[in-house]
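An overview of the molecular structure
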Amino acid sequence: MRPDSQIQWTAYPALLMAGAFAFGITGASVIRSDSLLLWLGGAGSGVAMFAGMQWWDQTRLVTLGPLGSVLAIALVVGCAGGARHAVYQAPSPRSLAPAAEARTDAVTVEGTVVDAPERTDEATRFVLRVDTLAGNRGRAAVDGRVRVTLMPSPWADATRPFPRLRQGDLSRLRGSLQQPPGLRNPGGFDYGAYLSRRGICCTLYVDDPDHVTVLGSRRGAIQNALVSVRAHIRRHIDQHVRSVGGRAVLRALLLGDRSHITDAQRDRFAKTGLMHLLAVSGLHVFLVGMVLYTLLRPLLMRFRLRWHVVEIVRAVLTIVVLGFYMLLTGGRPSVVRAVIMAALLIGGIVFQRSAPPLNTLGVAALVLLALRPSMLFDVGFQLSMAAVAGIVTLNPRFEEMVPERYRDSEAGNWLVSMCTVSAAAILGTGPVLLYHFGWVSAAGLVLNVVGIPCTGLALSAAIVAVSIGHVWALGAASFGSAADLFLQGLLATSRYGAAWFSWAGVRMPVPDVWILGAVGALLIAVAQWPRPRLRWRWAIVGVALATMSVWGSVIGQKTGPALDVVFFDVGQGDAALLKTSSGQHVLVDTGPRSPSGAAAEFTVLPFLKRWGIRELDLVVVSHSDEDHLGGLPTLLREVSVGRVVHNGRPTDTELYEEARDLLHREGVPDRAVHRGDTLQSGPSIHVRAVGPLSSQDDGGAGNDASVVLRVEYGGVDILLPGDIEVDAERDLVRMYGKQLRSHIVKVPHHGSETSSTPDFVQSVGRVEETHAVVSVGRNAQYGMPNDEVLQRWKRQGEHVHSTATGGSVWMRTDGKDVWRVRWK
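Within each chain, residues carry numbers counting from 1 in the order of the written sequence. In keeping with the predicted nature of the model, local features appear solely for residues at pLDDT of at least 70, side-chain atom pairs appear and are counted solely at 80 or more, and the whole-chain, interface and lining totals rest on all residues. Hydrogens and waters are ignored; side-chain quantities use all the structure's heavy atoms.

The helix and strand labels rest on DSSP assignments: H or I over at least four residues marks a helix, E over at least two residues marks a strand, and numbering proceeds from the N terminus. Of regular secondary structure, the protein chain possesses 26 helices and 28 strands. Projected onto its principal axes, the C-alpha positions of the protein chain cover 100 × 70 × 65 Å. For every residue, the accessible area (1.4 Å probe, protein chains only) is compared with the maximum for its type, and the residue is labelled buried under 20%, exposed over 50%, or partly exposed between those bounds. Buried residues in the protein chain amount to 49% of all 824 residues. Using a 1.4 Å probe, the Shrake-Rupley method yields the accessible areas, and only the shown protein chains count as cover for residues. Of the roughly 39100 Å² of accessible surface on the protein chain, a fraction of 59% belongs to carbon and sulfur atoms. Across the protein chain, the mean location of the 81 positive side-chain charges is 11 Å away from that of the 69 negative side-chain charges. Charge counting follows a simple rule: Lys and Arg are positive, Asp and Glu are negative, and His as well as the terminal groups are ignored. Lysine's charge is taken at NZ, arginine's at CZ, aspartate's at CG and glutamate's at CD.

Side-chain atoms within 4.5 Å link the members of a nonpolar core, which is a set of buried Ala, Val, Leu, Ile, Met, Phe, Trp, Tyr and Cys residues. Formed by 44 residues in total, the largest nonpolar core has its most connected members in I233, V249, L250, L254 and V285. With near-sequence residues (within four places) excluded, V249 lies in contact with L278, L487, L490 and L491. Counting residues in each nonpolar core, the second largest holds 33 residues, with L587, L632, L655 and W823 among its members. What makes two residues a contact is simply this: any of their non-hydrogen atoms within 4.5 Å.

Moving on, we get to the packing of aromatic side chains. Two aromatic rings, drawn from Phe, Tyr or Trp (for Trp, its six-membered ring), form a pair once their centres lie within 6.5 Å of each other, and the interplanar angle then sorts them: stacked below 30 degrees, edge-to-face above 60, tilted otherwise. Summed over the entire model, instances satisfying the criterion amount to nine aromatic pairs. A ring pair is formed by F189 and Y191, whose centres lie 6.2 Å apart and whose planes are at 45°; its orientation type is tilted. Taken together, a centroid distance of 6.5 Å and an interplanar angle of 85° make the contact between F760 and W793 edge-to-face. Note that F760 is positioned in helix 24 (residues 758-764) and W793 in helix 25 (residues 787-795), a separation of 33 residues in sequence. Each member of the pair F760 and W793 is classed as buried. Following the ring pairs from residue to residue traces out a cluster consisting of F568, F607, W611 and W810. A cation sits over an aromatic face here: R314 above Y293, 3.8 Å from the ring centre. Two conditions define a charge located above a ring, namely a distance within 6 Å from the ring centre to NZ of Lys or CZ of Arg, and an angle within 35 degrees of the ring normal. Residue placement shows R535 over the ring face of W529; its charged tip is 4.2 Å from the ring centre.

Salt bridges are counted wherever a side-chain nitrogen of Lys or Arg sits within 4 Å of a carboxyl oxygen of Asp or Glu. A complete count under the given rule lists 28 salt bridges for this structure. As a salt-bridge pair, E110 and R139 come within 3.1 Å of each other at their nearest N and O atoms. Pair noted here: E110 is in strand 1 (residues 107-113) and R139 is in strand 4 (residues 138-150), with a separation of 29 residues, a long-range link. One salt bridge connects K271 with D267, and the closest N-O pair in it is separated by 3.3 Å. Of this pair, K271 and D267 both sit in helix 8 (residues 263-271), four residues apart, which is roughly one turn of that helix. Members of the salt-bridge network, linked through shared partners, are E110, R139 and R172.

As a per-residue measure, pLDDT reflects the predictor's confidence and takes values from 0 up to 100. Chain-level statistics for the protein chain give a pLDDT mean of 88 and a share of 95% at 70 or above. Within the model, the stretch residues 1-9 combines pLDDT values under 50 with 20 contacts to residues more than four positions away or in other chains. For the stretch residues 695-700, pLDDT sits under 50, and the model shows seven contacts to residues farther than four places along the chain or on other chains.

Once that is clear, we can look at a nonpolar patch on the surface. The grouping of M49, L64, L67, L71 and L75 at the surface amounts to a nonpolar patch, some 440 Å² of accessible area in total. The residue L75 is located in helix 3 (residues 65-89) in this model. The patches described consist of residues with a relative accessible area above 30% and no salt bridge, like charges being joined within 9 Å and nonpolar side chains (Val, Leu, Ile, Met, Phe, Trp, Tyr) within 5 Å.

Before going further, it helps to spend a moment on the sheet that holds strand 12 (residues 585-588). The mixed open sheet is built from eight strands, whose spatial order is 19-18-16-12-11-10-27-28. One side of each edge strand has no neighbouring strand; the edge strands of this open sheet are strand 19 (670-672) and strand 28 (818-820). Each adjacent strand pair in this sheet contributes to an overall mean axis angle of 20°, direction not counted. Between any two strands, pairing holds if DSSP finds at least two bridges. Both strand 18 (residues 644-646) and strand 19 contribute to a ladder of three bridges, which runs parallel. The residue of strand 19 that forms the bridge with V644 is D670. Every angle, taken between N-to-C directions, lies between 0 and 180 degrees, and every axis is a line fitted to C-alpha atoms, over only the stretch in contact when it is a helix.

Inspection of the secondary structure puts M508 in the loop between strand 9 (505-507) and helix 17 (513-527). Classification of M508 by relative accessible area gives buried; the value is 12%. Between the C-alpha atoms of M508 and F437, which are 71 residues apart in sequence, the distance is 8.3 Å.

The subject of this paragraph is the environment of R32. Considering the arrangement of structural elements, one finds R32 in the loop between helix 1 (13-31) and helix 2 (37-59). When its relative accessible area of 73% is taken as the criterion, R32 is described as exposed. Residues R32 and Q89, 57 residues apart in the sequence, show an inter-C-alpha distance of 9.0 Å.

Right, let's get into the side chain of R710. Tracing the backbone shows R710 in strand 22 (residues 708-713). Overall, R710 belongs to the buried group, its relative accessible area being 7%. Only 3.0 Å separates the side chain of R710 from the backbone oxygen of R741, close enough to count as a polar contact. Excluding its chain neighbours within four sequence positions, the residues that come into contact with R710 are H686, V687, R688, V690, D717, I718, Q739, L740, R741 and S742. A 3.5 Å cut-off defines polar contacts: any pair of N or O atoms within that distance qualifies, except that in protein one atom must be a possible hydrogen donor and the other a possible acceptor, and neighbouring residues in sequence count only when both atoms are side-chain atoms.

Take helix 15 (residues 444-468) next. By this rule the span expected of a helix is its residue count minus one, scaled by 1.5 Å. For helix 15, which comprises 25 residues, the first-to-last C-alpha distance of 34 Å matches the rise-based estimate of 36 Å (1.5 Å per residue) to within 8%. The largest bend in helix 15 is about 30°, located at V450, with the proline P453 one to four residues further on. Bend is computed residue by residue as the angle between axes fitted to the seven residues ending at the residue and the seven residues starting at it.

Another point: unusual backbone geometry. A cis geometry characterises the amide bond from G691 onward to P692, with omega recorded as 25°. Within the fold, P692 resides in the loop between strand 21 (686-691) and strand 22. Positive phi outside glycine occurs at D589, with the angle close to 70°. Mapped onto the fold, D589 is located in the loop between strand 12 and strand 13 (593-594). We classify D589 as buried; its relative accessible area is 2%. Phi is positive for S756, close to 60°, though the residue is something other than glycine. Position of S756 among the secondary structure elements: in the loop between strand 24 (744-746) and helix 24.

When you line up the elements, V464 lands in helix 15. Residues V464 and V76, spaced 388 residues apart in sequence, show a C-alpha to C-alpha distance of 48 Å.

Along an α-helix, residues three or four apart share an orientation, since each turn contains 3.6 residues. Taking 1.5 Å per residue, 15 residues should reach 21 Å; helix 17 reaches 21 Å between its end C-alpha atoms and fits that length. The N-cap residue of helix 17 is D512: its side-chain oxygen and the backbone nitrogen of W514 are 3.0 Å apart.

See the structure below:
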C-alpha cells in the first residue's frame, strides 16, 4: 500500500477551491440574479470570518481555527464563482437576442467568423460574432454570437456554391434569425441550452449564396497561421488517406472537426463506450506535446547548453506548441484541461516541484470556469473532469487488487494497466453519463484494449504524414496508408462492438439523483480504501442515499403498473406512444417529414433509445397524409416493428410508395383496419378501432377516413381520433354517443376549425376531469389550433394541453387516476 496514493483532500487546495467556485456558479444559476451585491456581501463575510479564525487560532491553544479558515476561504472563492457567473450571464444592452424574438422576416447582419467553419456536402456551419444589424429602419450596433448555417433551400431549382468563408473573415449575411429551440421532447437534445452555454444567443439560416458577402479580413498573425495549418492538414488528409471513414475520423482526431462522421458511426461509438476516442483529449495532447517534449531534450543537448537552459527552452517550446494545438482544435474543454495539466506537469519538472494530478485538475477546472462559468453545465466538461478524477483516484486501487504474477511481463503489465485505466474512467464518468444520457456502456472495458492503441498509432502516423507531406510525398503516402489501416481497425472495433456488446451496460432512463449520489459515494469509498475510517464513512453515506431512493419512490409516487401516453412534439403532425409497464409499445402515427428529414428521427427515436425500447409491437398510421406517415420509413430502418395497420386508402405519393417498399423488404406484416377490430389486447391494455367511417369503405383517403382508436386501460379510456372532421365526428356520435367519453383525448385534426364540433366535444367530455391534448406546431400554421375550438374544449371543463407551448405532453394512468408527468 503506497501512502502517496492515498487521497488526502486537505492536501489538494486547488481541487477544493475549484469545488467551491463550481458551487458558487451553481448557486448563481439557481438564484438567477444579475446583482453583484449578494456575492460581494458573501465574499466580505468570508474575509471577516477568515480574520476572526486567525485571531481565534492565535489566542487559543486548541481551536477549530484552521478548519474555519478553510471554510472562510471556500466561502470567498464560492462567492467569486457566483459573481463571475452573474457577470457572464448579464445581458448586454446591445444584445442581439431581442431582435430574434421580435423579427419574423429576413435580417441582414455583419460580423466576424470566430471559429473554423465545418463544411459538409449539405451545409456549412460556423459561429459569427455580430456587431451590426441592418433592417428597414436602418443599421444598429449590436452584440451577440450567432450559429450560422449556410444551406441551399430544398425547393430551389438550381444551387450554386456558397462563398468559402474562413476564420477571421468579416462577412455580411442575410437570412432568418431565430432563437434556438429548447428541450421539446423527453430524451431529446436541448439545443438552446447547448448554444447558450457557449455564449451563442441565436441561429441564422441562409439559403441563398447571393446573401453571403465577404467584406474583408480581421485575422491576426495567429489566426492566419491557424487557417494555413488547418488547410495544410486537410489537404494532406485528403491526399494520403484513402477511405472516406478514415478521413472523417482523422479530421476529428487532428482538428476536432466531427462534422464528417456519420450518425451511424457516432451512434456505434456511443454504444460501445468508445466516444471519447473521437474527442480531442489527453491522449492527443500526450502524443502531440509530451512526445515533442521528450524528443527536444537530446536535440537541444547537441548545442551544449546548460541543463537548466535546456529544460526551460523545451518547456517553453512544448507549451507554445500545445497552446497552438489547443487553438487549432477549437479550444474544447477536454483539450484545454489536458493542456493546462500538461503545462503544470512540465512546469513542475522545470522548477523541480511536484504537481499532484488532483491539484493540476483543480487548477484546470478553475481556469476553465473562470473563463466561461456556464461550462460547468456542459456535458463535455463534466465527462472530461470525471474521467481524469476517476483515473487518478480509482486506478491505483484497481492496480493494487491485481496479483503481481499478471504483471511480470511488459505485455501483461500493459494489458493490466489498460484494463484498470479503462475501468476507472468508465466508473468515473458513469454517474455523468447516466444523468445526461440514461446509459453507460461497459463494452469499453474490453474494446478500449483495441481502440486506444489503434487511435494512438493512427494519430502518430497521421502526424508524421502531415509533417513530411511537403518534403517527402512517398513517405507521407506510406504513413497515411498506415494511419488509414489503424483507423479501419478502430472503425471495425466500434462496428463489431456495437453488434456484439451493445447490451453490455447500465440504463437509467429517468435520472435518480439519490442513486447517482449513492454511486458517487461508493466510488469515493473505493478511492479511500487504504483509509478504513473514511472508507466506511463514505460507504455508509452511499447506503443511506440508496435507501432514501427506495423509500422516496415508495412514498412519493405510485409504483404499481401504469400506462404512459406520450404525445411527441413533432411540429405540425401527430405521433403518440402507448407504453405499458409490461413492455408493450404501440405508436400511433409517426409525425411529418420535410426535405430536411423526418421529425421522428429527432423526437421518437431518441425517446426509444433512452428508454431502451428496441421493438414497437404495433404501429398505427391513421391515414396517409405526410404529417402522419412521414416518419414510418425512418422507424422501419432503425427499430424492429411487429406489425403496421392503416386505413387501407392508398395515395399516389413517393412517401407512400417508399413506406410500402420498406414494409415488404423488412418483412413487416401490414393490413387495413376496420371498425370493431381489436388491434392490441392483453392483460392490461385493450386497443380497439372505432373508425374509419363505414360509409367510406370504397372511398378516398381524406381526413374523415382516419383510423380512430379507443384504448382501455383498467377504468381509464383514451380516444385517438386522427384527423377526423365534421362528417366522421357526426358518425361517431351517432354510433357510440356517450360511450365516447374519455379521460384522455387527442383533439382531432390539430385543433382545426373543421373538427371538434360541439356535439363531439360534449360526447367525449366526462363529468370527471378529461385531458384534451392538441398536437400542433409552434408557428400556428394553417390557423391551427383555432381559438374557438380551444375555448370549446375548455368550456366543457377539460384540461387542454398543447405540444406547441411546452413540448411533448406525457400522460400517465394507473387504470384509476390520470396525471401529467413533468419530464423536464
